[in-house]
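# Structure at a glance
Here is what each chain is made of, one letter per residue.
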Amino acid sequence: MSQRSLGIYVHWPFCKAKCPYCDFNSHVRHQGVEPNQFGDALVAELGWFAGQTPGRTVTSVFFGGGTPSLMPPTIVGQVIDQVACLWPVTDDVEITLESNPTSAEAENFAGYRNAGVNRVSVGIQALDEADLKYLGRQHSVQEGLAAFRMAAGIFPRTSFDLIYARPGQTPDQWRRELSRALQEQQGHMSLYQLTIEPDTAFFRLHEAGQLATPGEDHAAEMYEITQELTSAAGLPAYEVSNHARPGHECRHNMLYWTYGEYAGVGPGAHSRLIADDGSRLALATEKHPETWLARVSARHNGVVENTVVAGEDAAQECLLMGMRTVKGVSLNRLQKMSGARIDRGPLEHLVSDGLVCLANSGDHVVATAAGRQVLNSVIEFMAAKTLR
């Protein structure tokens, strides 16, 4: 069997506090957490997934959360060692850990590096003290920058992560803040526009009229400022919210955006595996940490959903992810997945409106700068009119 690339996602669901904008599967446990129990369960679930993925080679491992920088380095090392025992691993495997930049968590950086982590994504989120508090962050600006500088001295690759279009933020303020951040970055930045997600504290405030984000025009201006300044600094966008110097792109996230294969372990983790017949299996694990722990103890995995994604559904997922990147999606690939003819006629409307362009002899559809401003609408149009 030929070797295929596989990414491993590891979810650590615990946080010190729940940020008001966060809709991820994260949990606060004031009574504390027994990390060894969860570490052993992650190792057990990895073993189960190895049985589902013969003939794969691991190219990336990503510790997400929650707050994985609350994991003891020994547990991180245990997980990395288990991955290497279960699958072949490329010599240049990318191993990323998301980190909050509090001083206590930064103290673990050297331990994570010794465990095998070679890339950290540091959640600075803002360079404004008042906004950090409003976002529920546990660090100050000075503490955040100190942690990032420490990370840059320990890890070969780092990401400087910020949220913009925050309540009350103006385009001029964002220009100054991003300019300051660009002086600190080390090759990669994740720059996310704040969105109000359901079932969050910000959503409830927004619904009650107590939280107002910048209007569409200001948000669009901030997006344009982001593209302008990052491009000028040599970090062009390679995905809607991610910017990098060539060679510093996040390989694990590119696996998602190019609709590759990945296994997710831990509470609430998702997987996309390719079955022998070429169809995709969509798996999800139990979200509640203690319930997940009990399921893994009983049956070596916490999987509660395992469905086939094929035909038009697979093509739509591929479209949704691929259009986020600067390379776009292959029409040939979409046609093979959907099993139906791709109608190119509606694409001409998007091309004439300046929202997409065609590359690679007309096979790849790529969102233009204008198209990325209304990307969700572009994707919905393509899904409805092109995939049929």
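Summarised in this report is the structure supplied together with it. Predicted model only: the values in this text are computed from it and were never measured.

Along the backbone of the protein chain there are 16 helices and 17 strands. Its C-alpha atoms give the protein chain a radius of gyration of 21 Å, near enough to 21 Å, the size a compact globule of 388 residues would have. Projected onto its principal axes, the C-alpha coordinates of the protein chain cover approximately 55 × 55 × 45 Å. Looking at the protein chain as a whole, 53% of its 388 residues qualify as buried. Put simply, of all contacts in the protein chain between residues at least 6 apart along the chain, 70% involve residues at least 24 apart. Approximately 17000 Å² of the protein chain is accessible, and the part contributed by carbon and sulfur atoms is 49%. For the protein chain, the separation between the mean place of its 32 positive charges and that of its 43 negative charges on side chains is 3 Å.

On to the nonpolar core, then. Within soluble globular proteins, side chains that are nonpolar generally end up buried alongside one another. Core analysis: the largest hydrophobic core is formed by 72 residues, its most contacted members being Ile8 and Phe63. A per-element tally of this core places helix 1 (residues 35-52) first, with six residues. Setting aside residues up to four positions removed in sequence, Ile8 forms contacts with Leu46, Val58, Ser60, Val61, Phe62, Val83, Trp87, His252 and Ala263. Listed in part, the 26 residues of the second largest apolar core include Tyr259, Ala314, Met337 and Leu355.

Helix length check: helix 1 (18 residues) gives 26 Å between terminal C-alpha atoms against 26 Å at 1.5 Å per residue, within 8%. Listed in full, the buried residues belonging to helix 1 are Pro35, Phe38, Gly39, Ala41, Leu42, Val43, Glu45, Leu46, Phe49 and Ala50. Capping of helix 1 at its N-terminal end is provided by Glu34; its side-chain oxygen lies 3.0 Å from the backbone amide nitrogen of Asn36.

On to the environment of Thr213. Looking at the secondary structure, you find Thr213 in the loop between helix 8 (201-207) and helix 9 (216-232). As for Thr213 and Pro167, which are separated by 46 residues in sequence, their C-alpha atoms are 4.4 Å apart. Leave out the neighbours within four places in its chain, and Thr213 touches Ala165, Pro167, Leu194 and Ile196.

This part takes up the side chain of Gln125. Mapped onto the elements, Gln125 comes out in strand 6 (residues 119-125). Given the relative accessible area of 12%, Gln125 is considered buried. Among all residues touching Gln125, those that are not within four sequence positions of it are Tyr21, Leu135, Arg137, Asp161, Leu162, Ile163 and Arg166.

Reading the values: rules and limits
All residue numbers here refer to positions counted from 1 along the written sequence of the relevant chain. This being a predicted model, a pLDDT of at least 70 is required before a residue's local features are given, and a value of 80 or more before pairs of side-chain atoms are given or counted; all residues contribute to the totals for chains, interfaces and linings. To obtain the side-chain values, all non-hydrogen atoms of the structure were included, while hydrogens and water were left out. Secondary structure elements are taken from DSSP: a helix is a run of H or I of four residues or more, a strand is a run of E of two residues or more, and numbering for both begins at the N terminus. Throughout, the radius of gyration refers to the C-alpha atoms, and the reference size of a globule is 2.2 Å times the residue count to the power 0.38. When a residue's accessible area, from a 1.4 Å probe over protein chains only, is under 20% of the maximum for its type it is buried; when over 50% it is exposed; and in between it is partly exposed. By definition, residues are in contact when any of their heavy atoms lie within 4.5 Å. Surface accessibility in these figures is a Shrake-Rupley result with a 1.4 Å probe; residues are shielded only by whichever protein chains are displayed. A positive count includes Lys and Arg, and a negative count includes Asp and Glu. His and the chain ends are not counted in either. Note that the charge is assigned to NZ on lysines, CZ on arginines, CG on aspartates and CD on glutamates. Here, the term nonpolar core denotes a set of buried Ala, Val, Leu, Ile, Met, Phe, Trp, Tyr and Cys residues that are joined through side-chain atoms within 4.5 Å. Residue count minus one, scaled by 1.5 Å, sets the expected span of a helix. Identification of polar contacts relies on pairs of N or O atoms within 3.5 Å, with a donor-acceptor requirement for protein atoms, meaning one able to donate a hydrogen and the other able to accept it, and with residues adjacent in sequence counted only if both atoms are side-chain atoms.

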